[in-house]
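Now for the letters of each chain:
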Amino acid sequence: MRKAVVLLSGGLDSATAAAWARSQGYEVHALAVDYGQRHRVELGLARRIAAALGLASFRVVTVDLAALGGSALTTSEPVPKDRSDAQIGQGIPSTYVPARNTVLLGLALAAADVLEADAVVIGINALDCSGYPDCRPGFLQAMRSVAREGTRRGAEGWPLEVLAPLLADTKADIVRRGKALGVPWHLTLSCYDPLPATAGGHEAGPCGRCDACRLRARGFEQAGEADPTARG
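Residues numbered from 1 in each chain as written. Predicted model: local features only at pLDDT ≥ 70, side-chain atom pairs only at ≥ 80, totals over all residues. Heavy atoms only, no water.

Colleague: Break down the pairing of strand β1 (residues 3-7) for me, citing the residues and quoting the values.
Modeller: Burial runs high along β1: four of the five residues are buried. Alignment of β1 against strand β2 (residues 27-34), held across five bridges, turns out to be parallel. For Leu7, the partnering residue across the bridge sits in β2 and is Leu31. Each parallel crossover has a hand, and for β1 linked through helix α1 (residues 12-23) to β2 it is right-handed. (Buried < 20%, exposed > 50% of the residue type's maximum accessible area, 1.4 Å probe, protein only. Helix = DSSP H or I, 4+ residues; strand = E, 2+ residues; numbered from the N terminus. Pairing = 2+ DSSP bridges. Right-handed = clockwise from strand over helix to strand, strands pointing away.)

This is the structure in structure tokens:
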């Protein structure tokens, strides 16, 4: 059976990418990264998603990107809230973590070399990505060159693919895919500044106001589906 290493953050996109890889016949090994993000609660959810999807393995690697700063996701800088669709679509927001996807894909390539995997899968999306430069097609093509030139498998002539099955999808497309693939939406969290768990039994949940929450809400609405994680 072909093997794939999937970067699994605990969000909607990465969970859908993992389910897609499984549907393609891969033996899927999930890799989550603790990089010092303020929404670290997603790591526990990623583990639960991996179990719910029946993935072959799950591991967490720690890299302290918070030590470098430069992002509202790794510092005390406030996360932007209540931005309009027009604002979300312009410029690079403060939630961009410098070189995050480069680092994450580098770790996934390392895991793939160790596991002798055939592919690395990442859930990046070029349409509803808040303007992040490391979610664009050009970035993906560059990382494919890295996989070919900078890994043992590539040097020995074994193909190691870098796959981004959601790259050209809208959030609504991703919701529709997730439904067809049986993604456990209730376990996913797409939020940069989650609300804490409450004494009333609510787990940590989405703030509903950051860019990630707004893009997710729009995707569920356009797909005609109810988001089970939304707090009413």
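Colleague: Pulling in residues and values, what's your account of the sheet that holds strand β3 (residues 57-62)?
Modeller: Spatially, β3-β2-β1-β4-β5 is the arrangement adopted by the five strands of the open sheet, whose pairing is parallel. Pairing within the sheet leaves two strands with one partner each, and these edge strands are β3 and β5 (161-163). With direction set aside, neighbouring strand axes in the sheet form an average angle of 25 degrees. As defined by bridge partners, β1 adjoins strand β4 (residues 119-121) across three bridges and the pair is classed as parallel. Within β4, the position partnered with Val6 by the bridge is Val121. (Axes fitted to C-alpha atoms, helices over the stretch in contact; angles between N-to-C directions.)

Colleague: Give me the lowdown on the packing of helix α7 (residues 171-181) against helix α8 (residues 211-223), citing residues and values where you can.
Modeller: In the contact formed by α7 and α8, the axes pass within 7 Å of each other and the chain directions differ by 65 degrees. As the angle between them shows, α7 and α8 are arranged roughly perpendicular. In terms of crossing hand, the pair formed by α7 and α8 is right-handed. Residues Lys171, Ala172, Val175 and Arg176 of α7 lie in contact with α8, whose contacting residues are Leu215, Gly219, Phe220, Gln222 and Ala223. Classifying every residue of the contact of α7 with α8 gives five nonpolar, two polar and two charged. (Parallel < 35°, antiparallel > 145°, perpendicular 65-115°, else oblique. Left-handed = near helix turned anticlockwise from the far one by under 90°. Contact = heavy atoms within 4.5 Å. Nonpolar A, V, L, I, M, F, W, Y, C, P; charged D, E, K, R; others polar.)

Colleague: Break down the pattern of salt bridges for me, with residues and values.
Modeller: Scanning the model with the defined rule gives 13 salt bridges in all. Arg209 is paired through a salt bridge with Asp82; the nearest N and O atoms lie 2.7 Å apart. Residue Arg209 is located in the loop between α7 and α8, and its partner Asp82 is located in the loop between β3 and α3 (85-88); the two are separated by 127 residues in the primary sequence. Here Glu149 and Arg148 are joined by a salt bridge, their closest N and O atoms 3.5 Å apart. For Glu149, a relative accessible area of 62% corresponds to the exposed category. In this structure, a network of salt bridges that share partners links the residues Arg38, Lys81 and Asp193. (Salt bridge = Lys/Arg side-chain N within 4 Å of Asp/Glu carboxyl O.)

That's the geometry; what it means functionally is another story.
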